[in-house]
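# Fold and contact review
Each chain, written out:
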Amino acid sequence: FFFFFSSRRRHTRCSGVSWARRCVQETGLGDINEQKHDIIVIPMDNEFNHTSKLAQSVMKKAGKQVQDEVVKIQEQKQQIEEQECIVTDGGQIQTQKIIHSVIPVWFGDLRQEQEIFRKCVKNILTKACELQCSSITLPAIACGTFGFPKQICAEITVGACLEFFQEHQNETVLELSLIHI
């Protein structure tokens, strides 16, 4: 399932709860490879590996061009820290850019993974604004391979998005689809 948030309906002086009620436009099933947004977000580890089924699916459909871009960035950076992200072209999928975000592995919050993941979501949205995109697809990137419980992943993702949009009310991102949250 996905939630669709739109800041077009957001008023500048809304409380979090009333703002969220106005912004949830629709829910439904979604295939991330079929989303028509400016940016799609996929997870990776800090060694540039796309180990989750979600990331592998997107990388396969995006094609060799995107894989080559990731390799080129990896050669320059060698390693990337948790909560950081890189950007590539969308390749052969219906998106302009792909944000590849380094997700922390869940260890029961022994390493403060919840806070790291919250910062990760905000960094993704910041990068999307820097790229001047108007729409973004953000799946449940911390579940599955990275081990976050679904409920915690959903709470952190939605909470971080609400915080971000309240803090950055005049930013570029107008539509945010949260898939499988």
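Computed from a predicted model, the values in this text were never measured in an experiment.

## Observations regarding the overall build of the chain
- The helix and strand tally for the chain stands at five helices and seven strands.
- Per-residue burial over the chain gives 49% buried out of 181 residues.
- Within the chain, residue pairs in contact and separated by at least 24 positions form 67% of the contacts whose partners lie at least 6 positions apart.
- Accessible surface, the chain: about 9,100 Å² in total, of which carbon and sulfur atoms supply 47%.

## Quick notes on the environment of Glu-115
- Its place among the elements puts Glu-115 in helix α4 (residues 113-130).
- Here Glu-115 falls in the partly exposed class, since its relative accessible area comes to 33%.
- Spatially, the C-alpha atom of Glu-115 lies 9.9 Å from that of Pro-104, the residues being eleven residues apart in sequence.

## Things to note about the pairing of strand β7 (residues 175-179)
- β7 sits mainly inside the fold: five of its five residues count as buried.
- Neither face of β7 is exposed, since Glu-175, Ser-177 and Ile-179 on one face and Leu-176 and Leu-178 on the opposite face are all buried.
- Pairing analysis gives five bridges linking strand β6 (residues 135-139) to β7, with the strands arranged parallel. Counted as the bridge partner of Leu-138 is Leu-178 from β7.

## With respect to the confidence of the model for the chain
- Scored by pLDDT, the chain comes out at a mean of 81, with 78% of its residues at no less than 70.
- Taken as a whole, residues 1-28 scores under 50 in pLDDT and shows 64 contacts with residues more than four places along the chain or in a different chain.

## Remarks on the packing of α4 against helix α5 (residues 150-167)
- Contact pair α4 / α5: the axes reach a minimum separation of 9 Å and the direction vectors enclose 45°. With respect to their mutual orientation, α4 and α5 come out oblique. Here α4 runs over α5; the crossing is right-handed. From α4, Gln-114, Phe-117, Arg-118, Val-121, Lys-122, Leu-125, Thr-126 and Cys-129 reach across to α5, where they touch Ile-152, Cys-153, Ile-156, Thr-157, Ala-160, Cys-161, Glu-163, Phe-164 and Glu-167.
- Residue composition of the contact of α4 with α5, by class: ten nonpolar, three polar and four charged.

## Points about the pattern of salt bridges
- Summed over all chains, the structure comprises nine salt bridges.
- Between Glu-84 and Lys-77 there is a salt bridge; the shortest N-O distance is 3.9 Å.
- Taking relative accessible area as the criterion, Glu-84 reaches 30% and is therefore assigned partly exposed.

## Section: α5
- Taking 1.5 Å per residue as the helical rise, α5 with its 18 residues ought to reach 26 Å, and the 26 Å between its terminal C-alpha atoms agrees with that figure.
- Of the positions making up α5, those classed as buried are Cys-153, Ala-154, Ile-156, Thr-157, Ala-160, Cys-161, Leu-162, Phe-164 and Phe-165.

What counts and what doesn't
- In this numbering scheme, every chain counts its residues from 1 along its sequence in written order.
- This being a predicted model, a pLDDT of at least 70 is required before a residue's local features are given, and a value of 80 or more before pairs of side-chain atoms are given or counted; all residues contribute to the totals for chains, interfaces and linings.
- Calculated side-chain values reflect all of the structure's heavy atoms, with hydrogen atoms and water omitted.
- Where helices and strands are cited, they refer to DSSP runs of H or I of at least four residues and of E of at least two residues respectively, numbered from the N terminus.
- Only protein chains enter the calculation, and the probe is 1.4 Å; a residue is then buried if its accessible area is under 20% of its type maximum, exposed if over 50%, and partly exposed in between.
- Should any heavy atoms of two residues lie within 4.5 Å, those residues are counted as being in contact.
- Each accessible area value is a Shrake-Rupley result obtained with a 1.4 Å probe; residue values ignore everything except the protein chains displayed when judging cover.
- The pairing criterion for strands is at least two bridges between them, as found by DSSP.
- Summary of the metric used: pLDDT quantifies the predictor's per-residue confidence within the range 0 to 100.
- Between N-to-C directions, angles cover 0 to 180 degrees, with each direction set by a line fitted to C-alpha atoms, over the stretch in contact for helices.
- The labels follow the angle: roughly parallel below 35 degrees, roughly antiparallel above 145, roughly perpendicular from 65 to 115, and oblique for the rest.
- A clockwise turn of the near helix away from the far one marks a right-handed crossing, whereas an anticlockwise turn of less than a right angle marks a left-handed crossing.
- Residue type decides the class: Asp, Glu, Lys and Arg count as charged, Ala, Val, Leu, Ile, Met, Phe, Trp, Tyr, Cys and Pro as nonpolar, and the leftover types, Gly among them, as polar.
- Here, a salt bridge means any Lys or Arg side-chain nitrogen found within 4 Å of an Asp or Glu carboxyl oxygen.
- Given the number of residues in a helix, its expected span is that number minus one, multiplied by 1.5 Å.

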